[in-house]
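So you can see what is in the structure, the chains are spelled out below.
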Amino acid sequence: MGDYNFMHILVTGGAGYIGSHVIKQLLEYTNYDITIIDNLSTGYQRTIDTLKQIASSSSNGTLQFYHADLADFKGIEKIFLSNHFDAVIHFAASIVVPESVENPLKYYMNNTVNTTNLIHLCNQYNVGKFLFSSTAAVYGEPSETPVKETTPTNPINPYGMSKLMSERILQDASEVNPNFSFVILRYFNVAGADIKNRIGQSFPNATHLIKVSAQTVIGQREKLSIFGDDYDTYDGTCIRDYIHIEDLASAHISALHYLEANHVNNIFNCGYGHGFSVREVVETMKDVSETDFTIEVVPRRAGDPALLIADNMKIKNTLNWEPKFDNLKLICTTALNWEKEMILHEI
Ligand code: UD1
């Protein structure tokens, strides 16, 4: 059912890490006009500026930016009134798990409430397609490995729950509006940076293992802490499915084309289907950087499952998505290149 031809796409959180890489690929590989909404709380104006440069050199679609907060319902509605969007890609969210435990209402407000309003505006202004950023955190301690989309969800922190509630709201909204459909992408551990090193993960206080390791290589951190080496895994440290940001971005392009061509709802895991332990990641970072930084083993971090690996057969078979950067060395190298770039240009 090719019932849609996208022209104009709204991207919330487009100045952030994942959003900016998806927009970069949209500008490079599609003709869509793009509007970004971002409050620049964890995204950056300079990322928008880089995306504008990419837009002007690609001669495909246009790019416009609103510095706005999704919590400003009236302000967001004005943006819907002065534009017609064909689809929304919704990235804007708070994503730090320990913070969500300390401040759950921030997560339910910023993630669930603001998402609900965005869905409401889509329904009010006839925006029929919604691509939603979700997370492997909806599975909690998964009951099976690799994790399938049908594996029971059971979030163990407010971050995961705030995303799962948004998933449910999307489902309920689409039940009563035949003109509204969605795709949910559940991300596993996203890492790395733009292959051309123009954008990357810029937020300085990020907690992600690969970013923290890269910061240790360049001396921004004294040492790297391994959160527990007494897990029931082959070397005692946690295992995760690390997916390169470029492959995650291309999954969004595939999902958009799928939404364009089909009036169905669907959920896909985004990962490679295999994992690496914390120690393997740290050793790979040492290897590619030719740097021997200090590591220390500290007690477990609360809420870390031992093993988290995606079953990715569904996205491969349904969206014909094929990863191109399934290579831990490349993931570490691109992450490190971006850290160096930020130092060099005082980003
Ligand atoms: C979690 C969330 C994910 C979220 C991400 C960022 C889950 C299941 N996943 O991923 O949805 O987007 O946080 O907030 O909740 N580690 C160290 N030392 C460090 C940093 C990490 O040993 O300095 C270990 C962690 O204990 C973990 C692994 O490295 O075992 C990966 O951690 P991280 O990169 O923070 O991602 P997750 O916690 O897996």
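In what follows, the structure referred to is the one given above.
Residues numbered from 1 in each chain as written. Predicted model: local features only at pLDDT ≥ 70, side-chain atom pairs only at ≥ 80, totals over all residues. Heavy atoms only, no water.

**Student:** Help me get a handle on the packing of aromatic side chains, residues and values and all.
**Tutor:** In the structure shown here, the tally under the stated rule is six aromatic pairs. Residues Phe 80 and Tyr 125 carry aromatic rings whose centres are separated by 6.1 Å and whose planes lie at 40° to one another, so their mutual orientation is tilted. Taken together, the residues span a long stretch of sequence, with Phe 80 in helix α3 (residues 73-81) and Tyr 125 in the loop between α5 (104-124) and β5 (129-135) at a distance of 45 residues. Considered together, Phe 80 and Tyr 125 belong to a single accessibility category, that of buried residues. Centroid distance Tyr 258 to Phe 268: 5.9 Å. Interplanar angle 80°. Geometry classified as edge-to-face. Here Phe 268 lies in strand β11 (residues 266-270) and Tyr 258 lies in helix α8 (residues 245-261), a separation of ten residues in the sequence. Each of the two residues, Tyr 258 as well as Phe 268, counts as buried. Feature note: the residues Phe 80, Phe 85 and Tyr 125 constitute an aromatic cluster, connected by ring pairs. One cation-aromatic arrangement involves Arg 46 over Tyr 44; the distance from NZ or CZ to the ring centre is 4.2 Å. Over the ring of Phe 268 we find Lys 314, and its NZ or CZ is 5.3 Å from the ring centre. (Phe/Tyr/Trp six-rings, centres within 6.5 Å; stacked < 30°, edge-to-face > 60°. Helix = DSSP H or I, 4+ residues; strand = E, 2+ residues; numbered from the N terminus. Buried < 20%, exposed > 50% of the residue type's maximum accessible area, 1.4 Å probe, protein only. Lys NZ or Arg CZ within 6 Å of the ring centre and 35° of its normal.)

**Student:** Quick one: what's the story with the nonpolar core, residue by residue and with numbers?
**Tutor:** Considering soluble globular proteins, one finds that nonpolar side chains tend to be buried as a cluster. Ile 18, Ile 89, Ile 210 and Leu 256 are the most contacted members of the largest nonpolar core, which has 64 residues in total. Tallying contributions element by element places α8 first for this core, with nine residues. Split by domain, the residues of this core number at least three in each of domain 1 (8-190 + 243-271) and domain 2 (209-239 + 274-316 + 325-344). Residues within four places of Ile 89 in sequence aside, it is in contact with Ile 9, Leu 10, Val 11, Thr 12, Val 22, Leu 26, Leu 131, His 252 and Leu 256. Counting 23 residues, the second-largest nonpolar core is a separate cluster that includes Phe 85, Ile 119, Ala 173 and Ile 184. (Core = buried A, V, L, I, M, F, W, Y, C linked by side-chain atoms within 4.5 Å. Domains from an automatic or database assignment. Contact = heavy atoms within 4.5 Å.)

In short, the description is geometric, and any link to function would need to be established separately.
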